[in-house]
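Residue strings, one per chain:
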Amino acid sequence: MEQFGFEFELAPERRIFSVSELNAAIRAVLDAEFQDLWVTGEISGLKLAASGHYYFTLKERDAQVRCVAFRSAHRYWKFRPQDGLAVLARGRIDVYEARGEYQLLVELLEPQGLGALQLAFEQLKKKLAAEGLFAAERKRPLPRFPRRVGIVTSPRGAAIADMVQILTRRFPGLHIRLFPALVQGPGSVEEVVRGIEYFSRTAWPDLIIVGRGGGSLEDLWTFNEEAVARAIAGCRVPVVSAVGHETDVTIADYVADLRAPTPSAAAEMVVPTRDDLLDRVQVARGKAAQGLRYRLAMLERRLRQQGIDRALSVLHRRVGRHLQRIDEQEYRMRERIRVAIDSRERSRRTLEIRLRRFDVRPRLASDRRRMEAAHTAALQTMRSRLDRRRSRLEQLAAKLSQLSPLRILERGYAIVSNEAGIVKDAAEAPVGSAIHVRLAKGALDAVVEATRMDTDKNG
């Protein structure tokens, strides 16, 4: 029989991955394919971890995706995310290797239907209004003739020049002190707060003007921050808010004791009024110069920020992943602590039940009731004995009263006495001698004029 030889192809070489290697490879693929994407959805299950990261889910009717926003990313957001809010998220896909789950690393979040800054403005306004910071009764009146005025604003802006010029011209001899501070951009919130707290702590000025010139909502955002609002509310001297143009409204305007439409208007409002056309010309010139300066400042800030963001993007992502692992360990630790506390609580309840068996308080309560009953019985016995003794005393007093000589006198008899004693015989009281007669009521002093013996019928 003829035999045929079969040739078998070699099996393909198997490539074996560890779990961490597989997750890392998947993360590399997703990171390369989904570096910059926009996702729309509704926020659900929002949590803020101790590390400062936001964890939430973007969901729609039939799908959802897990999201994480590192602290380094969301600290620049102008509003606070909340459950049920429809948003547009920008970020990239990443894999959390510890659980083998993919997630969206959110770098930018915008509310749909309402601007982020406007939403943040409304959220803070509602919060502070609920705390009473906008209440009219806490507004303080401005001094009519201030001698010292503190100003918190930028030393390089046109606003300070306008205010100083108007104040010195309208109120000669007025003392003005400037606390230089950034009024927009990074660090501006802290500097404005320090300026307000400095004047409040020293109590040097009679009032404070906090403000800057006009600009966009982003330019004026420093005065919509919660820290600035609380610093104004806690200031010990009256505060005038002079931010932007007349149509611009900030949180600082609501909290301050007085809102001025513009910095120049603030200078006019805090000192005695004098109509002068040159004031308006100077204000208009200052606003034009101020708008140009702020425009240049915003362009400079934008150029610097773009360079910094590129350099820190990679570092922030690495730090964020490590902090996410820390959050995971924190959740596990809290669960173990909760289980341990529940176990200790059950042991405590068991010991409490056993301890109640040896409680002496019921016996002490029974002894106290017996003592009170004995005390009541003793009082009743003493009252009974006193009543019997009082009755006996009254009987003896009645008998003694019946035997009293005074009862005989009440029937018309009298007791006659002289210096020798009681007179029982007429011979003991010769004529002309003094006698004392005791009656039932009162007594008589008399002199004997005549005596008569019972045997002498003729007297």
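Presented here is a report on the structure given in the accompanying data block.

Here is what the cut-offs are and how they apply
- Residues numbered from 1 in each chain as written.
- Predicted model: local features only at pLDDT ≥ 70, side-chain atom pairs only at ≥ 80, totals over all residues.
- Heavy atoms only, no water.
- Phe/Tyr/Trp six-rings, centres within 6.5 Å; stacked < 30°, edge-to-face > 60°.
- Lys NZ or Arg CZ within 6 Å of the ring centre and 35° of its normal.
- Core = buried A, V, L, I, M, F, W, Y, C linked by side-chain atoms within 4.5 Å.
- Buried < 20%, exposed > 50% of the residue type's maximum accessible area, 1.4 Å probe, protein only.
- Contact = heavy atoms within 4.5 Å.
- 1 Å grid on protein atoms, 1.4 Å probe; cavity = no way out; pocket = protein on both sides within 12 Å on 5 of 7 lines; lining within 4 Å.
- Points joined across faces, edges and corners; volume = space filled by probe spheres on them.
- Helix = DSSP H or I, 4+ residues; strand = E, 2+ residues; numbered from the N terminus.
- Nonpolar A, V, L, I, M, F, W, Y, C, P; charged D, E, K, R; others polar.

1. Describing the packing of aromatic side chains
And step 1. Enumeration over the complete set of coordinates arrives at three aromatic pairs.
And step 2. Taken together, the ring pairs in this structure connect Phe179, Tyr198 and Phe199 into an aromatic cluster.
And step 3. Above the ring of tryptophan 204, the side-chain terminus of arginine 148 is found at 5.8 Å from the ring centroid.
And step 4. It is arginine 212 that lies over the ring of tyrosine 294; its NZ or CZ is 3.8 Å from the centre.

2. Describing the nonpolar core
And step 1. Counting residues in each nonpolar core, the largest one holds 52 residues, and the members touching the most others are Leu58 and Val106.
And step 2. When neighbours within four sequence positions are excluded, valine 106 is seen to be in contact with Phe56, Cys67, Val68, Ala69, Ala73, Trp77, Ala89, Arg90 and Gly91.
And step 3. Counting 19 residues, the second largest nonpolar core, distinct from the first, contains Ala159, Ile166, Ile209 and Ala266.

3. As for empty space enclosed by the protein
And step 1. Throughout the structure, instances matching the rule amount to one cavity of 30 Å³ or more.
And step 2. Its boundaries defined by the atoms lining it, the largest cavity holds a volume of some 50 Å³.
And step 3. Around the largest cavity, the lining residues are Ala159, Asp162, Gly213, Gly214, Pro263, Ser264, Val283, Lys287 and Gln290.
And step 4. With three residues, helix H9 (residues 277-356) is the single largest residue contributor to the lining of the largest cavity.
And step 5. The class makeup of the residues in the lining of the largest cavity is three nonpolar, four polar and two charged.

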